[in-house]
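Fold and contact review
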Amino acid sequence: VERDDEGLIWIRIGEGVRLDVIGFAEILAARKELAEGRRAGVIAIVPEDIDFDVQIMQVDHHAAGDAETFTAAFAIVTGSALHTKLYNLYAAFFKTAFPVKTFGDEASAVAWVREHVAPIG
């Protein structure tokens, strides 16, 4: 998880990584810290071959209710139709107070996130 010069927060999941609830919480905490008190745009790059604990689908990761204070928009970039369908299923049960959208390519995701983020400065 890193913040670029533009203020966008990038989450890059490594190929073959197993994602679980604890890892998701660590990513959320890192996003909050990197946002530096601003509502940042977030782009998650999710490779097709990640593994994940099914518990991820059963937890409202934003239940604390403060993610909207440090998230303006969240784009998920994946080439996996399965990951897109799973996110859409998750989103049907757990709503966020900020827009989230899946994309098949990084350029479209970045353009969409930029539309939702106030310029820094």
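Placed above this text is the structure.
Here goes a summary of the coordinates provided. As the structure is a prediction and not an experimental result, all values here were calculated from the model. (Residues numbered from 1 in each chain as written. Predicted model: local features only at pLDDT ≥ 70, side-chain atom pairs only at ≥ 80, totals over all residues. Heavy atoms only, no water.)

Pairing is mixed across the open sheet formed by five strands, whose spatial order is E1-E2-E4-E6-E7. Looking at which strands have only one partner, the edges of the open sheet turn out to be strand E1 (2–3) and strand E7 (100–103). Relative to strand E6 (residues 71–77), strand E4 (residues 40–45) runs parallel, the two sharing six bridges. Considered in E6, the bridge of glycine 41 is made with alanine 73. (Pairing = 2+ DSSP bridges. Helix = DSSP H or I, 4+ residues; strand = E, 2+ residues; numbered from the N terminus.)

This part takes up the pairing of E6. Most of E6 is tucked away, with seven of its seven residues classed as buried. As defined by bridge partners, E6 adjoins E7 across four bridges and the pair is classed as parallel. From the neighbouring strand, isoleucine 76 faces E7, where its bridge partner is threonine 102. Remark: the E6/helix H2 (residues 81–93)/E7 crossover connection has right-handed handedness. (Buried < 20%, exposed > 50% of the residue type's maximum accessible area, 1.4 Å probe, protein only. Right-handed = clockwise from strand over helix to strand, strands pointing away.)

Quick look at the pairing of E4 now. Counted residue by residue, E4 has six buried out of six residues, so it is predominantly covered. The alternating pattern of E4 places Ala40, Val42 and Ala44 on one face and Gly41, Ile43 and Ile45 on the opposite face, and all of these are buried. Relative to E4, strand E2 (residues 9–12) is paired through four bridges, and the arrangement is parallel. What sits directly across from tryptophan 10, in E4, is isoleucine 43.

Nothing here speaks to function; it is all geometry.
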